[in-house]
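Listed below, chain by chain, are the residues.
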Amino acid sequence: MSVSDQALIERVVARQDQHAFAQLVLRYQSRLRVWARRLCNGDAHLADDLAQETFIKAHAALPAFRADAKFSTWLYRIAFNIAASRWRTRKLQWCSLDDNDLPDECNMRGLDMSRDVESALLQLSEPQQLAIRLCYQEGFSHNEVADIMGIPLGTAKTHILRGKQKLEELLASWSESL
């Protein structure tokens, strides 16, 4: 039986249980590294650094975690804040998926569509891209997207709606050819 995130967090905070924190890292490191890679323009080394820095900051801030949101949402927010800080200093640029992120079983049409979708995503504003990626690629709810981005729920919903509308316009030729 798997121990809940909250139980692991309580063990880390109350007893400085490094094994409990290691379980949290193991539970979230893969997803966080994929997200970090998107934030780092596909650069695996920068993504690893970002993920590591995220876990270090999360460990230090764990006593302040209030569980208002899921632990994963809180963790993604930390990663986003670190990346945003780097963006401000121009160490990172906005990302795109690289070809390694595409499934091997893609046929040429699927590969073309994936590239067109990625190209269309890059034409959205950065907040729209981020909101769309969080919602549809990472599976976060609108509330979680707002929490991660540090914006009001209505603003997150607007970014998602406008991003979807723009994507529909940009990808209209695909729906016509299907």
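Residues numbered from 1 in each chain as written. Predicted model: local features only at pLDDT ≥ 70, side-chain atom pairs only at ≥ 80, totals over all residues. Heavy atoms only, no water.

Engineer: Mind showing me how you'd approach the confidence of the model for the protein here?
Structural biologist: A low pLDDT means the predicted coordinates there should not be read in detail. Looking at the protein as a whole, the pLDDT averages 81, with 81% of positions reaching at least 70. The low-confidence segment residues 91-112 (pLDDT under 50) makes 48 contacts with residues lying over four places distant or belonging to another chain. (pLDDT = per-residue confidence, 0-100. Contact = heavy atoms within 4.5 Å.)

Engineer: Looking at this structure, how should I read the pattern of salt bridges?
Structural biologist: If charged atoms from side chains of opposite charge come close, those side chains can pair. Overall, the coordinates contain six salt bridges when judged by the stated rule. The shortest N-O distance in the salt bridge between arginine 66 and aspartate 68 comes to 2.9 Å. Using a relative accessible area of 65% as the deciding quantity, one classes arginine 66 as exposed. Under the relative-accessibility criterion, aspartate 68 is labelled exposed at 62%. Ionic pairing is found between glutamate 144 and lysine 70, a salt bridge with its closest N-O pair at 3.0 Å. Of this pair, glutamate 144 sits in helix H7 (residues 142-149) while lysine 70 sits in the loop between helix H3 (44-61) and helix H4 (71-88), and the two are 74 residues apart along the sequence. For glutamate 144, a relative accessible area of 12% gives the class buried. (Salt bridge = Lys/Arg side-chain N within 4 Å of Asp/Glu carboxyl O. Buried < 20%, exposed > 50% of the residue type's maximum accessible area, 1.4 Å probe, protein only. Helix = DSSP H or I, 4+ residues; strand = E, 2+ residues; numbered from the N terminus.)

Engineer: I'm lost on the environment of leucine 153 in this one. Help?
Structural biologist: Inspection of the secondary structure assignment puts leucine 153 in helix H8 (residues 153-170). Separated by eleven residues in the primary sequence, leucine 153 and histidine 142 have C-alpha atoms spaced 6.9 Å apart. Setting aside anything within four residues of it in sequence, one finds leucine 153 in contact with His142, Asn143 and Ala146.

Engineer: Looking at this model, I keep getting lost on the environment of valine 25. Mind explaining?
Structural biologist: With respect to the helices and strands, the residue valine 25 is situated in helix H2 (residues 18-39). With relative accessibility at 18%, the residue valine 25 sits in the buried group. Residues valine 25 and glutamine 52, spaced 27 residues apart in sequence, show a C-alpha to C-alpha distance of 9.7 Å.

Engineer: What exactly am I supposed to notice about helix H6 (residues 126-137) here?
Structural biologist: An α-helix turns once per 3.6 residues; consequently, residues spaced three or four apart project the same way. In this model H6 runs 15 Å from its N-terminal to its C-terminal C-alpha over twelve residues, within 8% of the 16 Å that 1.5 Å per residue would give. Gln128, Gln129, Leu130, Ala131, Ile132, Arg133, Leu134 and Cys135 are the residues of H6 that are buried. Of the residues trailing H6, glycine 139 is marked for its positive phi of about 80°. (Expected span 1.5 Å × (residues − 1).)

Engineer: Explain the nonpolar core to me, please; I cannot follow it from the model alone.
Structural biologist: Buried together is how nonpolar side chains tend to be arranged in soluble globular proteins. In this structure, Leu32, Trp35, Leu62, Phe71, Leu134 and Val145 are the most contacted members of the largest nonpolar core, which totals 46 residues. Breaking this core down by element, the ones donating at least two residues are helix H1 (5-15), H2, H3, H4, helix H5 (108-121), H6, H7 and H8. In this structure, leucine 62 is in contact with Ile9, Val12, Val13, Phe21, Phe71 and Trp74, ignoring residues within four places of it in sequence. (Core = buried A, V, L, I, M, F, W, Y, C linked by side-chain atoms within 4.5 Å.)

Engineer: What's the story with H2 in this structure? I'm lost.
Structural biologist: The largest bend along H2 reaches roughly 50° and is located at glutamine 29. A side-chain oxygen of the first residue of H2 lies 3.0 Å from the backbone nitrogen of histidine 19; this N-cap is aspartate 17. (Bend = angle between axes of the 7 residues up to and from the residue. Polar contact = N/O pair within 3.5 Å; in protein donor to acceptor, adjacent residues only side chain to side chain.)

Engineer: I'm lost on the packing of aromatic side chains in this one. Help?
Structural biologist: Under the counting rule described, the total for this entry stands at six aromatic pairs. With a centroid separation of 5.6 Å and 25° between ring planes, the pair formed by tryptophan 35 and tyrosine 76 is classed as stacked. Pair noted here: tryptophan 35 is in helix H2 and tyrosine 76 is in helix H4, with a separation of 41 residues, a long-range link. The exposure class assigned to tryptophan 35 is buried, which follows from its relative accessible area of 1%. For tyrosine 76, a relative accessible area of 1% corresponds to the buried category. On the basis of an interplanar angle of 70° and a centroid distance of 4.6 Å, the ring pair of tyrosine 76 and phenylalanine 140 is categorised as edge-to-face. Of the two residues, tyrosine 76 is situated in helix H4 and phenylalanine 140 in the loop between H6 and H7; the sequence distance between them amounts to 64 residues. (Phe/Tyr/Trp six-rings, centres within 6.5 Å; stacked < 30°, edge-to-face > 60°.)

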